[in-house]
Amino acid sequence: LSHPQSLPSPTLPGLHLPCLDTYKGWLFKWTNYLKGYQRRWFVLSNGLLSYYRTQAEMAHTCRGTIPLAKAHIEVGDTCHLVLTSGGRSYHLKATSEGEWQRWVSALQQAKANATLLMHHSDDSGDEGPVPQEDRALTQGVLKTLASKLDDLSTCNELIGKHGAALQRSLSELEELRGSADSTDKVKAVNERATLFRITSNAMINACRDFLDVAESHSRRWQKALQYEREQRSHLEETIEQLAKQHNSLERAWRENPTSYTGVERSQEGDASDENDEAEFFDAMEESPAFITVTASGTNHMQLGRTRRSRIPDKPNYSLNLWSIMKNCIGKDLSKIPMPVNFNEPLSMLQRLTEDLEYSELLDRAARCDSSLEQMCLVAAFSVSSYSTTVHRTAKPFNPLLGETYELDRLDEYGYRSISEQVSHHPPAAAHHVTSQRGWTLWQHITIDSKFRGKYISVLPLGNIHLQFHSSGNHYVWSKVTSTVHNIIVGKLWIDQSGDIDIVNNTTKDTCRLKFSPYSYFSREVPRKVTGVVEDREGTAHYILSGTWDDKMESAKIVDSSQGCGGSEGKQKTVYQTLQPKLLWKKYPLPDNAENMHFFSSLALTLNEPEEGVAPTDSRLRPDQRLMEAGLWDEANVQKQRLEECQRIERKRREAQANHALEEGQDIEGYQPLWFEKRTDDSTRESTYVYRGGYWEAKERQDWSQCPEIF
């Protein structure tokens, strides 16, 4: 801990106060119950105590400022002190008693000086400082504008008077001088004087309009600012209570760990000891979007058939998520029974199909002659699948084992898609898409999801494969982690974070996309995505940038050089690029989307009834259909019935397997109907791929092989 530095400050004119010093030094500030006390650089100046992470941050980033004029200073023992200002408490600690005494004296002196300064300001008729610094700043700006406007009005009056006198003088001059040349000159000057007066009047009117607008906005800003401060104060109080409860639980567990074995298992994330009878079948409880939606707008306007553009409004049912989730910390979410109140009326298979909302990106990529340009479009497609997850906090229905979903858009967009739930624990789905416009996509995704107390994390495991017919280019990539925050208190929100590595197994071109996690203190654009496209030699050719909820752009690299400022002694590479080009732009959501689960135009059509689909299709699932109609109580009854039926079917399969084992026969596990497990030639991974036959069975309307799951 360094000694505080004392620098004299200039004296205040007309005010006899003790000298206001500037103190600087290191103190430890309580941050949260996870990180505890953190070392911060504090600066005390002119009645304000500011703090920074490092001394270098003083030049650009202040982490917080505490006005001492109305702050309460509470001196504790063992080098502790607490500052309370604006409903917030700051717990500080020094490493020695001497440092602690110096800081206490400096803070008390600064508070006394700031209080005197405030009283002096009040006695002078000026408005005293208020806790809301931003509000005071806004009011000061408005006062300055009003003062400037008065000055301009005065100038305008003078200009008007002098302009009128000038015109009268010029008129008299025109009468005295009869020559043609002098008359023309006088008229020109007269016109200029008139224009000058008109211009000055226009300037005054514009300034007055500006002041009116600023005043009207000021009231709205102040109201919004006050609301945000109240919300922040409420959140801080809640977190403080949670921190105390957490510490109490930790102490109780340390004193008697044998009484909390269940908590221990949850913390270790071991779900293998859970009771099989408590196993429910509402799979991926991870609404966050692991794959998600893509807002559409014009992309899926149907050319032939007119598809629906709205669904019944979502009922306003209130239910406490924390009351259900508090007993599930550390557990696999696929084993937690939850009512449909937390669902959206789509299954995970339908959610998986929403990846195709921006299929035109792949159509464009199929026409590319350059594999590097093709990589840019594939990267944009991989980002576009997350575009509406920013609003979709409800979880999709977990498909039943053997459930399928088809999407036939051959006439409109040249592709058709089939997906099937191939495993239930762990929940896994296989998906296959064939396009007449030159590409095929397939994926096998397994969901790993955990509830961590304050947030839900969802990690999709498995690879997505994409192959273009003409070039044979075969692309492989995986998905990033999705996180749903504010499970305990506040409004739910979703973040996507991690890296996506896209590899062209044919040409060995690569692209690494970085999804930056949201940070309250970051100056970067929220939901930012960046990437670099490189060839097989590692030479960079394109820079990709954008956000996963709005758009992606590419810029061709024309030159590169080594810069400075890299981490761990490494130099950063500085790229010189051409103007960026737009690759993908999110379509706006439909009207009234906020009352329709924030569905995109494509999502609104996914559960629309279709004739001729398989009896296992998600459109025919009764609980999902009832929920879409707004009949949530009836939907919960059907959901429980389906879960019980599937539980009975699982036990039947287990009994058959045990009997076969006793008889010494080979045991064959569950086999999907339309997909089969193979080893991928490029990645050497075991994955489910489409075995064929679905569309032929649909054409014949022969569904005799399909199980009765609904």
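Quantities reported herein were computed from a predicted structural model and do not represent experimental measurements.

**Some words on the nonpolar core**
Next, step 1: In terms of nonpolar packing, the biggest core is built from 62 residues, with Trp439, Leu466, Trp477, Ile502, Leu513, Phe515 and Leu544 touching the most fellow members.
Next, step 2: Examining the composition of this core, we find that 9 residues originate from one element, helix H8 (residues 371–384), more than from any other.
Next, step 3: Those residues in contact with Ile502 that lie beyond four places of it in its chain are Met375, Val378, Ala379, Ser382, Tyr475, Val476, Trp477, Asp509, Thr510, Cys511 and Leu513.

**Remarks on the confidence of the model for the chain**
Next, step 1: For the chain, per-residue confidence averages 78 on the pLDDT scale, and residues scoring 70 or more make up 75% of the total.
Next, step 2: Per-residue pLDDT stays below 50 along residues 260–303; that stretch engages in 159 contacts with residues further than four places along the chain or on separate chains.

**A word on the packing of aromatic side chains**
Next, step 1: Applying the stated criterion across every chain, the model contains 15 aromatic pairs.
Next, step 2: Aromatic side chains Tyr386 and Phe515 sit 5.5 Å apart centroid to centroid with 65° between the ring planes, which places their arrangement in the edge-to-face category. Here the residue Tyr386 occupies a position in the loop between H8 and strand E10 (395–397), and Phe515 occupies one in strand E20 (residues 510–515), the gap between them amounting to 129 residues. Residues Tyr386 and Phe515 agree in their burial class; the two are buried.
Next, step 3: Taking the centre distance of 5.0 Å and the plane angle of 90° together, the rings of Tyr694 and Trp695 count as edge-to-face. Each of the two residues, Tyr694 as well as Trp695, counts as buried.

**What to know about the UniProt feature "coiled-coil region" (unreviewed entry) in the chain**
Next, step 1: Those places that UniProt annotates as "coiled-coil region" (unreviewed entry) correspond, in this numbering, to residues 225–252 and 638–665.
Next, step 2: Along residues 225–252, the helical share is 100% and the strand share 0%, with 41 Å between the first and last C-alpha atoms.
Next, step 3: Taken as a whole, residues 638–665 contains 89% helix and 0% strand, while its terminal C-alpha atoms sit 37 Å from one another.

**Considering the state of the cysteines**
Where two cysteines share a covalent bond between their sulfur atoms, that bond is called a disulfide.
Next, step 1: Per the stated rule, a full pass over the model turns up 0 disulfides.
Next, step 2: For the unlinked cysteine Cys368, the closest cysteine sulfur is that of Cys376, found at 8.7 Å.
Next, step 3: Note on Cys368: relative accessible area 21%, which makes it partly exposed.

**Side note on a nonpolar patch on the surface**
Next, step 1: A cluster of nonpolar side chains, Tyr518, Tyr520 and Phe521, forms an exposed patch at the surface whose accessible area comes to about 390 Å².
Next, step 2: Along the chain, Tyr520 turns up in the loop between E20 and strand E21 (528–534).

**Concerning H8**
Next, step 1: Taking 1.5 Å of rise per residue, the 14 residues of H8 would be expected to cover 20 Å, and the 20 Å separating its terminal C-alpha atoms lies within 8% of that figure.
Next, step 2: In terms of residue burial, H8 counts as a mostly covered element, since 12 of its 14 residues are buried.
Next, step 3: Listed in full, the buried residues belonging to H8 are Leu372, Gln374, Met375, Cys376, Leu377, Val378, Ala379, Ala380, Phe381, Ser382, Val383 and Ser384.
Next, step 4: Between the side-chain oxygen of the N-cap and the backbone nitrogen of Leu372 there are 3.3 Å, and the N-cap of H8 in question is Ser370.

Rules and cut-offs
- Residue numbers run consecutively from 1 along every chain, following the written order of its sequence.
- Since the coordinates come from a predicted model, pLDDT governs what is reported: local features require at least 70, and pairs of side-chain atoms require 80 or more to be given and counted, while whole-chain, interface and lining totals use all residues.
- Note that water and hydrogens are dropped before the side-chain values are worked out from all heavy atoms of the structure.
- By nonpolar core is meant a set of buried Ala, Val, Leu, Ile, Met, Phe, Trp, Tyr and Cys residues that side-chain atoms within 4.5 Å join together.
- In this scheme, a residue with accessible area under 20% of its type's maximum is buried, one over 50% is exposed, and one in between is partly exposed, where area comes from a 1.4 Å probe on protein chains only.
- Labels follow the DSSP assignment, with helices taken as runs of H or I lasting at least four residues and strands as runs of E lasting at least two, numbered in each case from the N terminus.
- Any two residues whose heavy atoms approach within 4.5 Å at even a single point are treated as in contact.
- As a per-residue measure, pLDDT reflects the predictor's confidence and takes values from 0 up to 100.
- Aromatic contacts are taken between Phe, Tyr and Trp rings whose centres are within 6.5 Å, Trp giving its six-membered ring; a plane angle under 30 degrees counts as stacked, one over 60 as edge-to-face, and the others as tilted.
- UniProt positions are given in the numbering used here, feature names are shortened, and annotations may be inferred rather than shown by experiment.
- The definition used for a disulfide is geometric: two cysteine sulfur atoms within 2.5 Å.
- The patches reported here contain residues having more than 30% relative accessible area and no salt bridge. Joining distances are 9 Å for like charges and 5 Å for nonpolar side chains (Val, Leu, Ile, Met, Phe, Trp, Tyr).
- With residues, only the protein chains shown are counted as cover, and all accessible areas are computed by Shrake-Rupley using a 1.4 Å probe.
- Basic side-chain nitrogens of Lys or Arg form a salt bridge, by our definition, when they fall within 4 Å of a carboxyl oxygen of Asp or Glu.
- Helices are assigned an expected span. That span is 1.5 Å times one less than the residue count.
- Pairs of N or O atoms within 3.5 Å make up the polar contacts considered here, provided that, within protein, one atom can donate a hydrogen while the other can accept it, and that residues adjacent in sequence are counted only when both atoms are side-chain atoms.

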